[in-house]
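Overview (structure and organization)
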Amino acid sequence: MKSLHVIRDPNERLGLEIASRESGQGRVSLLLIQDAVLTRLTLDGLAVYALADDLEARGVKGHARSVDYDEAVRLMVDHDKVVVW
Amino acid sequence: MKSLHVIRDPNERLGLEIASRESGQGRVSLLLIQDAVLTRLTLDGLAVYALADDLEARGVKGHARSVDYDEAVRLMVDHDKVVVW
Amino acid sequence: MRFGFLLTSGCESQDVYTVTKLARAALGQGHEVKMFIMGNGVHLLVDHPKNAWAEGWKAFLADGAEIACCGSSCEPRGVVRECLLPGVLFGSQYDHAEIVSWSDRYLVFG
Amino acid sequence: MRFGFLLTSGCESQDVYTVTKLARAALGQGHEVKMFIMGNGVHLLVDHPKNAWAEGWKAFLADGAEIACCGSSCEPRGVVRECLLPGVLFGSQYDHAEIVSWSDRYLVFG
Amino acid sequence: MILIRRAPIGSERAAEALRVAVGQTLASQRVAVIFIDDGVWAATALNPKAVQGGDFAKPIQTLTMLEQRLIADADSMAQREVRGVVSGVEVRPRGEVLDLVHGADVVIPY
Amino acid sequence: MILIRRAPIGSERAAEALRVAVGQTLASQRVAVIFIDDGVWAATALNPKAVQGGDFAKPIQTLTMLEQRLIADADSMAQREVRGVVSGVEVRPRGEVLDLVHGADVVIPY
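What comes next is a walk through the structure. (Residues numbered from 1 in each chain as written. Chains lettered and ligands numbered in written order. Predicted model: local features only at pLDDT ≥ 70, side-chain atom pairs only at ≥ 80, totals over all residues. Heavy atoms only, no water.)

1. Here's the deal with the packing of helix α3 (residues 69-78) of chain A against helix α1 (residues 15-28) of chain D
Taken N-terminus to C-terminus, the directions of α3 of chain A and α1 of chain D make an angle of 75 degrees; their axes are 8 Å apart at the nearest point. As judged from the angle between their axes, α3 of chain A and α1 of chain D are roughly perpendicular. Of the residues in α1 of chain D, those touching α3 of chain A at Y69, D70, A72, V73 and M76 of chain A are Y17, K21, L22, A25 and A26 of chain D. Here the contact of α3 of chain A with α1 of chain D is built from residues that sort into 8 nonpolar, no polar and 2 charged. (Axes fitted to C-alpha atoms, helices over the stretch in contact; angles between N-to-C directions. Helix = DSSP H or I, 4+ residues; strand = E, 2+ residues; numbered from the N terminus. Parallel < 35°, antiparallel > 145°, perpendicular 65-115°, else oblique. Contact = heavy atoms within 4.5 Å. Nonpolar A, V, L, I, M, F, W, Y, C, P; charged D, E, K, R; others polar.)

2. Quick notes on the arrangement of the chains
Structurally, chain A and chain B remain out of contact, their C-alpha atoms never closer than 12 Å. Regarding chain E and chain F, which are not in contact, the minimum distance between any of their C-alpha atoms is 17 Å.

3. Some details on the pattern of salt bridges
Scanning all chains against the criterion turns up 40 salt bridges over all chains. R77 of chain C is the salt-bridge partner of E12 of chain F, the closest N and O atoms lying 3.0 Å from each other. Of this pair, E12 of chain F sits in the loop between β1 (2-4) and α1 (13-24) while R77 of chain C sits in the loop between α3 (71-74) and β4 (89-91), placing the two residues on different chains. A salt bridge links E55 of chain D to K58 of chain D, with the shortest nitrogen-to-oxygen separation between them at 3.4 Å. One end of the pair, E55 of chain D, and the other, K58 of chain D, are both in helix α2 (residues 54-62), 3 residues apart, so they sit about a helical turn from each other. Look at K58 of chain D and you get partly exposed, because its relative accessible area is 35%. It is possible to trace a salt-bridge network through shared partners that takes in E17 of chain A together with D37, D73 and R94 of chain E. (Salt bridge = Lys/Arg side-chain N within 4 Å of Asp/Glu carboxyl O. Buried < 20%, exposed > 50% of the residue type's maximum accessible area, 1.4 Å probe, protein only.)

4. Some details on the pairing of strand β3 (residues 66-70) of chain C
Residues and elements named next belong to chain C. The buried count for β3 comes to 4 of 5 residues, which makes it a mostly enclosed element. Bridge analysis of strand β2 (residues 32-37) against β3 gives 4 bridges, and the strand direction is parallel. By the bridge assignment, F36 is partnered in β3 with A68. The parallel pair β2 and β3 is bridged by helix α2 (residues 54-62), and the resulting crossover is right-handed. With 3 bridges joining them, β3 and β4 adopt parallel strand pairing. In the strand pairing of β4, A68 is matched with L89. (Pairing = 2+ DSSP bridges. Right-handed = clockwise from strand over helix to strand, strands pointing away.)

5. Thoughts on the interface of chain D and chain A
Each partner contributes residues to the interface: chain D has 18 residues there, and chain A has 17 residues. Here chain D meets chain A over a buried area of about 1,500 Å², counting both sides, of which 56% is carbon and sulfur. Three residues, L22, Q29 and R105 of chain D, lead the burial of chain D against chain A; their summed loss comes to 32% of the area buried on that side. If you look at where chain D meets chain A, you find 1 salt bridge. For the pair chain D and chain A, the interface holds 12 residue pairs in polar contact (both at pLDDT 80 or more). (Buried area = accessible area lost by both parts, 1.4 Å probe. Polar contact = N/O pair within 3.5 Å; in protein donor to acceptor, adjacent residues only side chain to side chain.)

6. Concerning the state of the cysteines
Linking two cysteines covalently via their sulfur atoms produces the bond known as a disulfide. Throughout the structure, instances matching the rule amount to 0 disulfides over all chains. Summary of cysteine pairing: C69 of chain D is not part of a disulfide, and the nearest cysteine sulfur, belonging to C74 of chain D, is at 3.7 Å. (Disulfide = S-S within 2.5 Å.)

7. Details of the pairing of strand β2 (residues 27-32) of chain A
Residue and element names in this part refer to chain A. Burial analysis of β2 places 5 of its 6 residues in the buried class, which makes it a mostly covered element. Here 6 bridges tie strand β1 (residues 2-7) to β2, and the two strands are oriented parallel to one another. Residue pairing in the sheet places V6 in a bridge with L31 of β2. Once the chain exits β1 it traverses helix α1 (residues 14-22) before rejoining the sheet at β2, and the crossover so formed is right-handed. Looking at chain direction, β2 and strand β3 (residues 47-51) are connected through 4 bridges and run parallel. Opposite L31, over in β3, you have Y49 as the bridge partner.

8. A few points about the sheet that holds strand β4 (residues 65-67) of chain B
All names here are of chain B. Strand order in the open sheet formed by 5 strands is β4-β3-β2-β1-β5, with parallel pairing between adjacent strands. The sheet is open, and its two edges are formed by β4 and β5 (81-84), each paired on a single side. Averaged over all pairs of adjacent strands, the angle between their axes in this sheet comes to 25 degrees, without regard to strand direction. Where strand β1 (residues 2-7) meets β5, 4 bridges bridge the pair, whose relative direction is parallel. If you follow L4 over to β5, its bridge partner there is V82.

See the structure below:
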């Protein structure tokens, strides 16, 4: 079971708490979008992606792997479950 | 100089930080309204009021002095400055 | 005393209710009231039969309060001058600035 | 794969932009798309000349996506069936439930 | 699964979430409602009419009658000194609540 | 005084706050803009067009030309590892920023 958590808000807590908890039980990825790309968020062992447009709009590079909308959709297909926070 | 800080959000931080800082320099009051009446907020030396309708709507009594809209307006008149957060 | 209100939220928030109650109390105590409404708040000023706030705004206007809204917020929301409640000013940030400087107490909700 | 979207925010948020882009990408990859729009989001579906999103919605409908909105959100906002973009369903939470159970991935923005 | 994370009444989001939850049962789906973080206040005895707010008691009652699960996070309650929830809502420790979210097919965070 | 407290672009509130600030100068008023908490990101070099967002550079430039004060909180910047702000914005320690808020006649928190 692979799950993808899409984080929109730089202050999101619950989504990260659940992602972190799940990472003990299966593969978990994060996709940062909108204002969440501003945070330098890392969780041990999680793959972190960020939407390219949102990075560009905010003038940040970040440490996350940049993906476009097509790649974001493919991530959603590749994971068994997606939650947008 | 007396200031009144009106707090709407139970998670308001900046408004309380400023109220607390100002309380060293003059009289400061808090008026809790909307969801902020849910918090058991106290700051040393500050008078704390809460809107009666908002307390009733949320089924809480709280420790704050309950005021109706007329009294809230009078508080706003009595203080030299009002900030709604 | 002069009470100014800024309302930027729409019917998704309790703000319109709180503003209405406070403004009513202020008028009742003989204070003057002016309101500026922008953002999603402009939808609350549209003259339509299911608008729960319409009677309240009309009563404010009848009691001498002034209500202005931000044309730049209206435009992308499809709120044209003709669909506002009669008596509401289709205004600009200039009107907002005038209300702010007019007010003795300026209360911001949004 | 079946992509469902829920949008509850209006033009005050970037959500409508993100939803539009993701739905477009999903359609481009051959996925099916259905959207349910409620809360302030219903204002985005009104057919008026300054609606920046109107062409986007029309293109989705032309490309086989379905768009439904919540009548209960529309009513207090003065959004009547006749003012929606042609092809948008003036629906209910029943339609929402159908879309949720239809979807393989359900993406919530609001 | 619907997550209610915010305080009730001040914003219509918590009430809207319950409306969505009731709606989900119309397509004969199981639905669970989680009250967590500030959302636990939405599971307490409220009287929203005092400020013209949307009803909470009725949707909660409906969901209970339909034997849908309603669960409040004990840790969120303790942090906020919330001592009781309305009838029909179970109280469970946070770890258990998070595991339920983990196990849900569809999560609709509100 | 306008306080920008939230991140830019994801919500239109920061852009709206700058629009209000520019508007305040129309009634020949002094206005100060404070970037604090998540609002400090609104004082960095942005390219909102990438997501069809409202402009930040132009209102900031206008306010600078009109010699209005724009101030970012150094502590909020440090916490968020924000290293620079755009030209025209001063950086001051939090204590000094809070004292400015304390001294302002009118505070419009956004």
